[in-house]
Amino acid sequence: MYMFKYLFTICLLAALFTACHEKAPQKKEAARKDKDRKYELATVIHEPLSSSIQLPAVLEAYQRVSIYPRVNGFVKTVAVDRGSVVHKGEVLITLDAPEIIQQYFAAQSKYLQARAVFAASKDNYERTLAVSETPGTISAHDVEVANARMAADSAIMNSELANFRALEATRSYLTVTAPFDGVITERNVHPGALVGPGTKLDGGAMLMLEQEDRLRLVVQVPEVYSAQLSGARQVSFHVNALPGKIFAGAISRQAGSLSDRYRSEAVEVDIQNVQHLLKPGMYAEITIPVTGSVQAMVVPGSAIVTSTEKKYVVAVREGYTHWIDVQEGNHHNDSSEVFGSLMPGDRVIVHANDEIKEGIRID
C-alpha cells in the first residue's frame, strides 16, 4: 500500500512538470502570434459628423379651442355637428336668455334719456353764454351754474353709455361664432340644455373646434442633439396610417429650453394639409438632419468596442495598444463620432474586439 502511494505521487509530480513545460511555450506562441498579427489601422479625424436622427413625433391641430358659454342661458339652436367644416365668424350656437335681453333694452332706454338731458343742458349753457355777452343781462354765476349742470349731465350720459355697451357685449355672447376656420370635432350640447360658465357638461365643452388644413408636427429632441439641428432645418417624416408616403417640411419653431421631465426640447414643424390626408393625433416618425459636435473625433464604427462596463477604442501609440474610453455621438454610414482622450492623427484598430489586450506590441 505504501509503495502504491509513493508511485502515485511520483506520477502526479511528473504530469504537473510536463504541463508547466508545455504551457510556457503556448504563452510565448500566443504572444508571438499577437505580435505578428496584422491589424488594419485608421487615423482619427477631428471634424463634426453630419448625419440624421429618427425620432417619434405627433401631429397636432395648428389651432384648437374648446368653446364654452360665457353667459347663463338655454341652448336655442345648434347649427353644427361633429365633422362640420366652419369658417371664421360663422354662427355655431345661439342661446336664449330673456333677462339679458330685458337688461339690454333697459340700459338702452337709460342711455337715450341721459343723452336727451345732456343735450338740453348743453343747449341751455350755450344760450346762457351767448346772452351773457350783453353787459347787465345775466350774471357770471348763472353762467357757471349752467356749465356745471352740463358737465354733470355729460358724466351721467357717459356712465349710462358704458353700461349700455357692456350689456350690448353680454347680449352678443348669446350668439356663439367660430373664432377661425376649422372642423368641429366634438359636440356635447343639444337644444334646450341649460349652459353657463358654472355649468358642467358631460364632454367638458359645448364644442371643440380644430384647424386641420394646417398642422403642427411636434417632436421632442433629446438634449444631446438639441444644439446640433441643421441650419437647413429641412425634415421629412412618414406616418404608419399612410405607408409609402413621405412628407416634408421645415422646422418652424423651437422651445428654447429643455423639459425638466424628459430632458428634451420641443421642436415644431408646420405642415400644410390642404388635402386633409393627415389628421391631428397621428403618430409619425421624423428624420431630422444634425450637424454634429465641433469637439468630436471621427473613427470607423467597427473600431468601437462595447463591453458590459464601458465603450472604448484600441489606440496604437508607440507600437503598443492602449484602451481609450469613449462616448459615442452621431453615426453616418460606417463612421462614428467619439468623445474621449483621443487626438487628431491617433491610430486605432479598425476591427477591434475585447480579445486585443492592452499593452500588446504591434509593429
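This is a predicted model, so every value here is computed, not measured.

### Thoughts on unusual backbone geometry
Inference 1: One non-glycine residue, R263, lies in positive phi territory at about 55°.
Inference 2: Take R263: it is sitting in the loop between strand 14 (247-254) and strand 15 (264-272).
Inference 3: The partly exposed category is assigned to R263, whose relative accessible area is 39%.

### Points about helix 2 (residues 98-131)
Residues spaced three or four apart along an α-helix face the same direction, because each turn holds 3.6 residues.
Inference 1: Here helix 2 is 34 residues long and its end C-alpha atoms lie 50 Å apart, about the 50 Å a rise of 1.5 Å per residue gives.
Inference 2: Looking at helix 2, one finds that the buried residues are I100, Y104, A107, Y111, A114, F118, S121, Y125 and T128.
Inference 3: For helix 2, the secondary structure elements touched by its buried residues are helix 3 (140-172).

### Brief notes about the side chain of T321
Inference 1: In this structure, T321 sits in strand 20 (residues 320-332).
Inference 2: Of the residues examined, T321 reaches a relative accessible area of 0% and is grouped as buried.
Inference 3: One polar contact links the side chain of T321 to the main-chain amide nitrogen of I360, over a distance of 3.0 Å.
Inference 4: Once residues within four sequence positions are removed from consideration, T321 is found in contact with V314, A315, I349, I356, K357, E358, G359, I360 and I362.

About the thresholds
- Residues numbered from 1 in each chain as written.
- Predicted model: local features only at pLDDT ≥ 70, side-chain atom pairs only at ≥ 80, totals over all residues.
- Heavy atoms only, no water.
- Helix = DSSP H or I, 4+ residues; strand = E, 2+ residues; numbered from the N terminus.
- Buried < 20%, exposed > 50% of the residue type's maximum accessible area, 1.4 Å probe, protein only.
- Expected span 1.5 Å × (residues − 1).
- Contact = heavy atoms within 4.5 Å.
- Polar contact = N/O pair within 3.5 Å; in protein donor to acceptor, adjacent residues only side chain to side chain.

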